[in-house]
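The primary structure of each chain is shown beneath.
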Amino acid sequence: MQKNLFIGLTGGLFVLATVLMSQTKKPAAAPGGAKASITRGKQVYLEQCLACHQVDGLGVQGMNPPLVKTKFVLGDKKALAKIVLTGMQGVEVEGEEYHGVMAPHPDLTDQQIADVLTYVRNSWGNKASAVTAGEVKAVRATNTPPAQ
Amino acid sequence: MQQFIKKEVFRKAACLTAGLILTGLVSFAGRNNGGGKVSGRGNGGGGAKGQPAKTTDAASQLKLPSGFSAVTVVENFGRTRHITVGPGGAVFVKLSKLKDGKGIYRLEDTNGDGKADKITGFGNFPGTGVAISNGYLYATTDEDVYRFQLNAKDEVLNPDQPEKIVTGLLSRHEHEAKTIALDDKGNLFVNIGAYSNACQLQDRTKGSPGMKPCKILDSAGGIWEFKAGKANQTYGDGHRYATGLRNCVALFWNKSTNSLFVMQHGRDQLHDLFPDIWDTKQSAELPAECMYELHDGSNCGWPYMFYDQLQHKKILAPEYGGDGKKTVGDEAQDPAAAYPGHMAPNGLVFYTGSQFPEKYRNGAFIAFHGSWNRAPEPQKGYFVVFQPFKNGKPSGQWEVFADNFSGGPEKAASGRVDYRPCGLAQGPDGSLYVTDDTKGTVWKISYRK
């Protein structure tokens, strides 16, 4: 019973802490908040990103760069959104070169891109602010994908 | 008293919440384990409580058929890609990233224990390909082929002055590794991989159509033949020996058939690009990684088709109007053998020694580097396969010869593996050498009766 009580209290505290933490978080300007954005973003990731960047976000040696704890993902949101919109090839991350081709994804909506980036920026140990559809929209307005 | 009851209710509620959370966590973890696969066991990773984890020795990690054993020639040597062995037994490995400023290393075992104890580096260029023919060591960058003269002791005569044999080959950061094989008549064969997945106008982009005709094939996506002894050749000096080959990292001149055999890396992303035709499971299996026996003028069909090893058919590529069922005719050569998709065959050697049992003679060893494009299905490969041959043709089912480079089924499934086999070579004593380009391991596999 003592043990149960301990677990119960710990669990209770954990729940309380989670509630408090989520309340202190700055609410994101996304439908349903950052948490809903992450949930939707995971679905976009599974369909659009997983094949190359893998389930654990660690990519493929020499080909597809990791998304975990790199400045590309955690840094400038505009630069990150631009990569999704216009694609990229050839990048050096932490001294390792990656040559894989990333297709541009202008077909995704601003909200889908915001969601998937918010998911990526808050998965596998990453922790960074949410990306909003408005921010993606601004980047899209100044960047068009390369002509076919 | 009321206060106590309130507290009790809170405690019970808290207990219940914690219980639910725990149940959720446990069931989530269970799902993540992929259908009851037990992790961490039998892998030397755990060890008893309170004791340090057993370190796994790279040599004993390999699972080999009965009677075979492995020693490591070198370990932690960097990006060791292809390998070749001189007639005197000196081993040469090519590195795709310079190690202490050198891209080729000569590894000599002077005391016969299998381990390299005399190591010398030379060649200030990174790359993948390396081969020995007629007293010369040939080595590649992603654009060029160089050669060095060897003496009777497999020593490099002018390590600082290689002769440039081929130059100016296309390298556009996709399938860029140039790999080589030589025949006995002074010809050098170079794999020039296609800088594309399926020759779409926009590479790997959903909805982008296939180029008609595929212009990439003019200068890549095939095997080019050059003179082994002529300096500074480029495209115009050689000729396209075989075309319609996406990327053949593994190629080897088979002396018993007197022909060139290659292993093609099949195309990627059937599901990503055409989710209405292929689901993720089919896309993990397809298309086959094919072995081809080439002759001058061979056309193996990329990018217009791929080989479906489940239907045993040459299927019209979806970028060119294919629906997963439409086939193509004899304009594309049939493969000599087909293996599951995306396993990335990077090394090929035909066994001509007498050390291994009779069944291996004139058969092929293939190093499968391991997949990435099977996700979200489990990844596959990370082993060396033996393909039996009879009368110069593949005969009978292939089998895994050297296994567990990955470090266990869980690591293989995730793709986060210990080692990835890449290059293969046979030593003059009939031993088989295997490289790993993740940590830089070279194994020597021998058979003892």
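All values reported here derive from a predicted model rather than from experimental measurement. Per-chain numbering applies: the sequence of each chain, read as written, is numbered from 1 onward. Lettering for chains starts from A, numbering for ligands starts from 1, and both go in the order in which the items are written. Predicted model: local features are reported for residues with pLDDT of at least 70 only, side-chain atom pairs are reported and counted for 80 or more only, and whole-chain, interface and lining totals are derived from all residues. Only heavy atoms go into the side-chain values, all of them from the structure, while hydrogens and water stay out.

Asks: Which parts of the structure should I look at to understand the packing of aromatic side chains?
Replies: Aromatic rings considered in pairs are described by the distance between their centres and by the relative angle of their planes. Residues and elements named next belong to chain B. Pairing of aromatic side chains here covers Phe, Tyr and the six-membered ring of Trp, requires ring centres within 6.5 Å, and sorts the geometry by plane angle: under 30 degrees stacked, over 60 edge-to-face, intermediate tilted. Throughout the structure, instances matching the rule amount to 39 aromatic pairs over all chains. Taken together, a centroid distance of 5.0 Å and an interplanar angle of 85° make the contact between phenylalanine 77 and tyrosine 105 edge-to-face. Taken as a pair, phenylalanine 77 in the loop between β1 (68–74) and β2 (80–85) and tyrosine 105 in strand β4 (residues 102–108) lie far apart in primary sequence, 28 residues in all. Relative accessible area decides the class of each residue, using a 1.4 Å probe on protein chains only: under 20% of the type maximum gives buried, over 50% gives exposed, and in between gives partly exposed. For phenylalanine 77, a relative accessible area of 7% puts it in the buried group. Among the residues examined, tyrosine 105 registers a relative accessible area of 7% and is labelled buried. Between tyrosine 351 and phenylalanine 365, the aromatic rings sit 6.0 Å apart at their centres with planes inclined by 85°, giving edge-to-face as the arrangement. Numbering goes from the N terminus for both helices and strands, where a helix is a DSSP run of H or I of at least four residues and a strand is a run of E of at least two.

Asks: Is there a simple way to think about the packing of helix α5 (residues 77–86) of chain A against helix α7 (residues 133–142) of chain A in this case?
Replies: The angle between the axes and the distance between the axes are what describe a pair of packed helices. All names here are of chain A. The N-to-C vectors of α5 and α7 enclose an angle of 65°; their axes lie 9 Å apart at closest approach. Where α5 crosses over α7, the two elements pack in a sense that is right-handed. Residues Lys77, Lys78, Ala81, Lys82 and Leu85 of α5 form the contact with α7, whose participating residues are Glu135, Val136, Val139 and Arg140. Of the residues that constitute the contact of α5 with α7, the class distribution is four nonpolar, no polar and five charged. For every element, the axis is a line fit to its C-alpha atoms; helices are fit only across the contacting stretch, and the angle between N-to-C directions ranges from 0 to 180 degrees. Crossing chirality is assigned from the near helix's rotation relative to the far helix, an anticlockwise turn below a right angle marking it left-handed and a clockwise turn marking it right-handed. For this analysis, residues touch if any pair of their heavy atoms sits within 4.5 Å. For this classification, Asp, Glu, Lys and Arg are treated as charged, while Ala, Val, Leu, Ile, Met, Phe, Trp, Tyr, Cys and Pro are nonpolar and the rest, including Gly, are polar.

Asks: What exactly am I supposed to notice about helix α6 (residues 110–120) of chain A here?
Replies: Working note: α-helix, 3.6 residues per turn, so residues spaced by three or four point in the same direction. Residues and elements named next belong to chain A. With nine of 11 residues buried, α6 lies mostly within the body of the structure. Within the sequence span of α6, burial applies to Asp110, Ile113, Ala114, Asp115, Val116, Leu117, Thr118, Tyr119 and Val120. Residues of α6 that are buried in the fold lie against α2 (33–48), α4 (71–74), α5 and α7.

Asks: Looking at this structure, I do not really get unusual backbone geometry. What am I missing?
Replies: For residues that are not glycine, phi is negative in most cases, and the peptide bond is trans in most cases. Residue and element names in this part refer to chain B. The linkage connecting lysine 212 with the following residue, proline 213, adopts the cis geometry, with an omega of -10°. Along the chain, proline 213 turns up in the loop between β11 (187–192) and β12 (222–227). A cis amide bond, omega 0°, links tryptophan 302 with the succeeding residue proline 303. Following the sequence through the fold, proline 303 ends up in the loop between β17 (298–299) and β18 (305–308). A positive phi is found at histidine 175, a non-glycine position, where the angle reads about 55°. Here histidine 175 is to be found in the loop between β9 (163–166) and β10 (179–182). Classification of histidine 175 by relative accessible area gives buried; the value is 15%.

Asks: How should I be thinking about empty space enclosed by the protein in this particular structure?
Replies: A water-sized probe, rolled over the atoms, reveals where empty space remains. All names here are of chain B. Of the two site types, the cavity is a set of points on a 1 Å grid over the protein atoms alone where a 1.4 Å probe fits but cannot get out, and the pocket is an open set with protein on both sides within 12 Å along at least five of seven lines, each lined by residues with an atom within 4 Å of a point. Grid points are joined across faces, edges and corners, and a volume is the space filled by probe spheres set on the points. Tallying each qualifying case throughout the model produces one cavity of 30 Å³ or more. Taken as a whole, the largest cavity spans an internal volume of roughly 120 Å³. Lining the largest cavity we find 16 residues, and of these Gln264, Trp302, Met305, Phe306 and Tyr307 sit closest to its centre. Those elements that place two or more of their residues in the lining of the largest cavity are β16 (289–294) and β18. Sort the elements by how many residues they give to the lining of the largest cavity and β18 lands first, with three residues. Class assignment of the residues belonging to the lining of the largest cavity gives a composition of 12 nonpolar, three polar and one charged.

Asks: Looking at this structure, how should I read the sheet that holds strand β29 (residues 441–447) of chain B?
Replies: Where strands meet in a sheet, backbone hydrogen bonds hold them as pairs that are either parallel or antiparallel. All names here are of chain B. Pairing between two strands is assigned when DSSP locates at least 2 bridges connecting them. Across the sheet, which stays open at both edges, the four strands sit in the order β1-β29-β28-β27 with antiparallel pairing between neighbours. Edge positions in the sheet fall to β1 and β27 (421–426), since each of these pairs with one other strand and no more. Shown here is a sheet whose adjacent strand axes are inclined to one another by a mean of 25°, direction ignored. Note: β1 against β29, six bridges, orientation antiparallel. Bridged to serine 69 within β29 is serine 446.

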